[in-house]
Amino acid sequence: MKKWILGLTLGLWAGLASASLATHSFTLDNGLKVLVREDHRAPVVTVMVWFKAGSIDEAPFETGLAHVLEHMMFKGTEKLQPGDFSKLVARYGGSDNAFTSYDYTAYFQQYEVSRLPLALELEAERLANLQIDDDEFYRELQVVLEERRMRTDDNPNALAWEKFQAVARPGTGYAHPIIGWRSLLSQLQPEQARSWFQRFYVPGNATLVIAGDVTRKQVEPLVKKFFDDLPAGETPPRPKQTVNPPAGERRIDLTLPVKVPTLFMTYNVPSLVTAEDKRDFYALTMLSGVLDGGMSARIETDLVRGQKLVAGAGASYTGIQRGNGTFTLQAAPNPGISLDEVESALREQIKKLQTTLPSEEEMARVRAGVLAGQVYEKDSVMGQAMELGTLSTLGLDLALSEKFGDELAKVTAEDVQRVAQQWLVPERLAVGHVQPEQGEGK
């Protein structure tokens, strides 16, 4: 890409606002899965190609490779010179980009709807005929190294988070940064990129998503025209990666040139993919809202305005992942308050959730807030394409978002207490204390 993203904001729940829009699915003989979402509100189309290939799939010696390959996808093919892809998109009024996450890599183009054939032809061309030239690879690798310097190496807060993640999710592909460790990234070779492309960029490992002012009748012949002749290839294995059994409580103390001290606390919890009881996903979502769901939430009420311990704090649940999810608390103390005091206060909040049921009023407020945020933030064609691609790539039900409100309504206060007792326990916890270097933060 052009852009590397550490935390992808998913358009996962667009379907809440578009549940009545038709969605079609078919698979070509070579294994390419195709999803079509009809949304005729405006004459536009978004085309995305998703590959089940992300940072989690990298071996320890090749961290950053998934992201570097993403960059190389905008270089030459048999018919296109380096840079031609994006120039053609722009010439016909479109926009394009891509992103790499831990779980997948995706590419997208957005146009006025008459450009759909162009979008499909371009995607098919680079999937069939990508050329990874040695000189182009080394030039692009320098671009990625510079990207890493700007986003992480020269950003103490990002560097602190990267170091904390290495202990928060041990033994999994989530423990290394998507952009890769600098020392390993700098040693990547063109042959590794070619091997990655051959292993993962095959039709059977991809989902093509087309969303916008289109119909299946219109789309299917075009997809077959451009993608039917691509060889199927071998679909690579993707082993499950979980922090299970629990790794035990872990701690890391960092001193970096940050401006203010920061506390990280992350629990290894199930995701919607890994949870044996899917109700846990919805209960953990509600639990996050009880702690951090606006001005009435407990962290804001008790720790920010009440005890005045923290200048800022939050809680978040990352539950849409191929591997286990995370439940994270983060806080910056007020002057004169230590990180130990803030950690004790947050542990007390967890204990309170484990021993006292949330009130019905609290549950209703959180439920409304979660639903409202998801409905209003993601009602767009791009958001719908994101939703379909994410669900398909993670192997989740495409109708999941339509059921989300009903599933959330079933969560009881007892469910919230149960998941707090079951999952927010010391043996699943990693704690990070980040202190400014001497002279910083004065």
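Residues numbered from 1 in each chain as written. Predicted model: local features only at pLDDT ≥ 70, side-chain atom pairs only at ≥ 80, totals over all residues. Heavy atoms only, no water.

A.B. asks: How should the packing of helix H9 (residues 279-291) against helix H11 (residues 339-355) be read in this particular structure?
C.D. replies: Relative to each other, H9 and H11 sit at 125°, their axes nearing to 12 Å. One way to sum up the angle between H9 and H11 is to call them oblique. Between H9 and H11 lies a crossing whose hand is right-handed. Contact residues: H9 offers Leu287, Val290 and Leu291, while H11 offers Gln349, Ile350 and Leu353. Across the contact of H9 with H11, the residue classes tally to five nonpolar, one polar and no charged. (Axes fitted to C-alpha atoms, helices over the stretch in contact; angles between N-to-C directions. Helix = DSSP H or I, 4+ residues; strand = E, 2+ residues; numbered from the N terminus. Parallel < 35°, antiparallel > 145°, perpendicular 65-115°, else oblique. Left-handed = near helix turned anticlockwise from the far one by under 90°. Contact = heavy atoms within 4.5 Å. Nonpolar A, V, L, I, M, F, W, Y, C, P; charged D, E, K, R; others polar.)

A.B. asks: It is not clear to me how the pattern of salt bridges should be interpreted in this structure. Could you clarify?
C.D. replies: Considering all chains together, one arrives at 30 salt bridges under this definition. One salt bridge connects Arg148 with Glu162, and the closest N-O pair in it is separated by 2.9 Å. In this pair, Arg148 is assigned in helix H4 (residues 134-153) and Glu162 in helix H5 (residues 156-168), connecting sequence segments 14 residues apart. Here the two residues Arg148 and Glu162 agree in accessibility, since each one is buried. (Salt bridge = Lys/Arg side-chain N within 4 Å of Asp/Glu carboxyl O. Buried < 20%, exposed > 50% of the residue type's maximum accessible area, 1.4 Å probe, protein only.)

A.B. asks: Sorry, what's going on with the confidence of the model for the chain here?
C.D. replies: Interpretation of the predicted coordinates at a detailed level should be avoided for regions scoring low in pLDDT. Summing up the model confidence of the chain, the mean pLDDT is 92 and the portion of residues at 70 or higher is 93%. With pLDDT under 50 throughout, residues 1-18 is counted as low confidence; its partners more than four residues away or in other chains account for 73 contacts. (pLDDT = per-residue confidence, 0-100.)

A.B. asks: Even after reading the chapter, I still don't get the sheet that holds strand E4 (residues 95-100), so can you show me in this structure?
C.D. replies: To summarise the sheet geometry, strands pair through backbone hydrogen bonds and adopt either a parallel or an antiparallel arrangement. With mixed pairing, six strands are arranged side by side in an open sheet as E1-E2-E6-E3-E5-E4. In this open sheet, the two edge strands, each paired with only one partner strand, are strand E1 (23-27) and E4. Looking at each pair of strands side by side, their axes are set apart by 15° on average, direction ignored. Direction of pairing for E1 relative to strand E2 (residues 33-38): antiparallel, over a ladder of five bridges. Within E2, the position partnered with Thr23 by the bridge is Arg37. Here helix H1 (residues 65-72) sits on the sheet in contact with E4 and strand E5 (105-112), set at roughly 165° to E4. (Pairing = 2+ DSSP bridges.)

A.B. asks: Which parts of the structure should I look at to understand the UniProt feature "domain: Peptidase M16 N-terminal" (unreviewed entry) in the chain?
C.D. replies: The feature "domain: Peptidase M16 N-terminal" (unreviewed entry), as annotated in UniProt, sits at residues 33-175 in this numbering. Each end of residues 33-175 is marked by a C-alpha atom, and these two atoms are 30 Å apart; helix forms 44% of the span and strand 20%. (UniProt positions renumbered as here; feature names shortened; annotations may be inferred.)

A.B. asks: Where do I start with the domain arrangement of the chain in this structure?
C.D. replies: How big an interface is tends to be stated in terms of accessible area lost as the parts join. Domain boundaries assigned for the chain yield domain 1 (23-228) and domain 2 (250-436). Between the C-alpha centres of domain 1 and domain 2 there is a distance of 29 Å. If you look at the interface, domain 1 gives 35 residues, while domain 2 gives 36 residues. Buried surface at the junction of domain 1 and domain 2, both sides included, amounts to about 3000 Å², of which 67% is carbon and sulfur. On the domain 1 side of the interface with domain 2, the three residues burying the most area are Arg37, Phe164 and Arg169, jointly 19% of the side's total. Where domain 1 touches domain 2, the interface holds two salt bridges. Residue Arg37 pairs with Glu387 through a salt bridge whose shortest N-O separation is 3.2 Å. In this structure, the connection of domain 1 to domain 2 is made through 13 residue pairs in polar contact (both at pLDDT 80 or more). Only E2, strand E3 (44-51), E5, H5 and strand E6 (206-212) provide two or more residues apiece to the side of domain 1 that touches domain 2. When residues in the side of domain 1 that touches domain 2 are grouped by element, the largest group, nine residues, is from H5. In terms of residue class, the side of domain 1 that touches domain 2 is made up of 20 nonpolar, six polar and nine charged. (Domains from an automatic or database assignment. Buried area = accessible area lost by both parts, 1.4 Å probe. Polar contact = N/O pair within 3.5 Å; in protein donor to acceptor, adjacent residues only side chain to side chain.)

A.B. asks: Hey, could you run me through the sheet that holds strand E9 (residues 310-318) in this one?
C.D. replies: Read from one edge of the open sheet, five strands run E7-E11-E8-E10-E9, paired in mixed fashion. Every other strand in the sheet has two partners, leaving strand E7 (250-256) and E9 as the edge strands with one partner each. Going across the sheet, the axis of each strand differs from the next one's by a mean of 10°, ignoring polarity. Across the face of the sheet, H5 comes into contact with E7, strand E8 (262-269), strand E10 (325-333) and strand E11 (429-436) while running at roughly 160° to E7.

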